[in-house]
Amino acid sequence: MDSAPVSDNYYRDLAILDWLVELGANEAIGEVGINRYEMPDPTPAKKAAMSKPAVAKTTPSEPTQIGTEALADACFDLDGLQEAITNFDGCDLKRGAKNTVFADGNPAAKVMVIGEAPGREEDHIGKPFIGPAGQLLDKMLAAIGLSRNAEDAAQAVYITNIIPWRPPQNRDPSPEEIAVMKPFLMRHIALIKPDFLLLMGNPATKTLLDTQIGITRMRGKWGEVAGIPALPMFHPAYLLRTPAQKRAAWADLLSLKKRIEI
Ligand code: URA
C-alpha cells in the first residue's frame, strides 16, 4: 500500500497535537477550530510593559566563593568552561555525582534554557533534561517549533542547569552551592550569547533574576539577565505533578514564540 506523503509541517503539527493532549485537550468540542496562536492585541499599557523588562535587573556574578569568578572568567570558549567545571572541586555535590552534566543542544541557538540540577537519568547519562521532565520539556518546546536537535539556530535551543551535579535524593541545591556555581553559569550565558533565556522554575528564576519572589508570581513576566530578555516559567517537573498549570505554561510558551518572531 502507498503511504500518504508526509507534509513539511507533519512533525511540527504532531508535536503541537502531542502538547495539546498533554494539556488535556483530547476531545473536539467545537464545530470550528480555535486558533490559539492568535493572541489579543495588547493594550497600550501592556505593550509598553512588554517593551520594557518587568524585572530590570542585571546580575553580574555576585561575590561568592573567592576564586570561582576568576576561574569562570578565564574560560574563553565552551570547551574551556566544560573543562574548568569538570575539574572544579569547590562544590561538594560533585562527590556524590556520577557525571558532570554540562549542557545539550545547539550552542548557536537563540534560546537558552536554564534548569535547576540533574536528576537520576541526567546524572546517569551526563546530559540535562532527559528524564520525564526533560521529555515534557522537549514536547513543550516542539509545540512552538523549537528543538535541542535543530541545526538551524532559529529553531534550536541550548540547555543547561544552574548546578552540573545531581544533589543527593534530588534535594534542592543550597544557596551556598548555587552561589559557588553561579559565576560558571554567568560565563556559560556570556559564551552562548542567546537572544532569549527560559528560566525553568524557582531556583533558576531566583538565582538569575536575583529575586525572592516565587515562580507562581514571576512566571510569564519578562525580566533581563545580563542584558538578555529572560522568561521565567514553571519547571516541567512541577507541571508533571500539577497538570492544571500546563495552561499557564502554554501561555508562556506563546509569549516566547511571539518574541522570537518579532
Ligand atoms: N530538572 C532540571 O532542572 N534539570 C535537569 O537536567 C533535569 C531535571
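Here the structure is a predicted model, which is why all the values come from computation and not from measurement.

### Here's the deal with the overall build of the protein chain
Here is step 1 of the chain: When helices and strands are tallied, the protein chain shows 12 helices and 6 strands.
Here is step 2 of the chain: Sequence separation of 24 or more characterises 73% of the internal contacts of the protein chain that already satisfy a separation of 6 or more.
Here is step 3 of the chain: Carbon and sulfur atoms provide 53% of the accessible area of the protein chain, an area that totals close to 14,200 Å².

### Regarding the pairing of strand β3 (residues 157–161)
Strand residues, when the strand is regular, have side chains that alternate between the two faces of the sheet.
Here is step 1 of the chain: Of all 5 residues making up β3, 5 are buried, and the element is well covered by its neighbours.
Here is step 2 of the chain: On β3, burial covers both faces: V157, I159 and N161 on one face and Y158 and T160 on the other are all buried.
Here is step 3 of the chain: Direction of pairing for strand β1 (residues 104–105) relative to β3: antiparallel, over a ladder of 2 bridges. From the neighbouring strand, D104 faces β3, where its bridge partner is I159.

### A closer look at the nonpolar core
Here is step 1 of the chain: Judged by nonpolar contacts, the single largest core of 39 residues is most densely connected at I114, M181, I189 and L197.
Here is step 2 of the chain: Among the secondary structure elements, those contributing two or more residues to this core are α4 (78–87), β2 (111–115), α8 (175–192), β4 (196–200), α9 (201–209) and β6 (228–233).
Here is step 3 of the chain: A total of 9 residues in this core trace back to one element, the largest contributor, which is α8.
Here is step 4 of the chain: Sequence-distant contacts of I189, defined by excluding residues within four places in its chain, comprise M112, I114, P194, L197, L208, V225 and I228.
Here is step 5 of the chain: Core analysis: the second largest hydrophobic core is formed by 28 residues, I159, L239, W250 and L256 among them.

### Thoughts on the environment of R217
Here is step 1 of the chain: By the secondary structure assignment, R217 is in helix α10 (residues 215–218).
Here is step 2 of the chain: When its relative accessible area of 59% is taken as the criterion, R217 is described as exposed.
Here is step 3 of the chain: Through-space distance from the C-alpha of R217 to that of P232 is 9.6 Å; in sequence the pair is 15 residues apart.

### Details of the sheet that holds β6
Here is step 1 of the chain: Taken together, the 6 strands give an open sheet; going across it, the order is β1-β3-β2-β4-β6-β5, and neighbouring strands pair in mixed fashion. For this open sheet the edge positions go to β1 and β5 (223–225), each flanked by a neighbour on one side alone.
Here is step 2 of the chain: By the bridge criterion, 5 bridges tie β2 to β3 in an arrangement that is parallel. When the sheet's bridge partners are listed, V113 is paired in β3 with I159.

### A few points about the site of the ligand
Here is step 1 of the chain: Every residue lining the ligand is accounted for by G115, E116, A117, P118, E122, P128, F129, N161 and H235.
Here is step 2 of the chain: Between E116 and the ligand, the recorded distance is 2.7 Å, taken from a backbone N or O atom to an oxygen atom.
Here is step 3 of the chain: Contact distances for the ligand include 2.8 Å between an oxygen atom and a side-chain N or O atom of H235.
Here is step 4 of the chain: Protein burial of the ligand: of its 240 Å² of free accessible surface, 92% is covered by the chains.
Here is step 5 of the chain: Residue classes in the shell around the ligand are distributed as 4 nonpolar, 3 polar and 2 charged.

Scoring rules and cut-offs
Residues numbered from 1 in each chain as written. Predicted model: local features only at pLDDT ≥ 70, side-chain atom pairs only at ≥ 80, totals over all residues. Heavy atoms only, no water. Helix = DSSP H or I, 4+ residues; strand = E, 2+ residues; numbered from the N terminus. Contact = heavy atoms within 4.5 Å. Areas by Shrake-Rupley, 256 points an atom, 1.4 Å probe, with all protein chains shown as cover. Buried < 20%, exposed > 50% of the residue type's maximum accessible area, 1.4 Å probe, protein only. Pairing = 2+ DSSP bridges. Core = buried A, V, L, I, M, F, W, Y, C linked by side-chain atoms within 4.5 Å. Near = heavy atom within 4 Å. Polar contact = N/O pair within 3.5 Å; in protein donor to acceptor, adjacent residues only side chain to side chain. Nonpolar A, V, L, I, M, F, W, Y, C, P; charged D, E, K, R; others polar.

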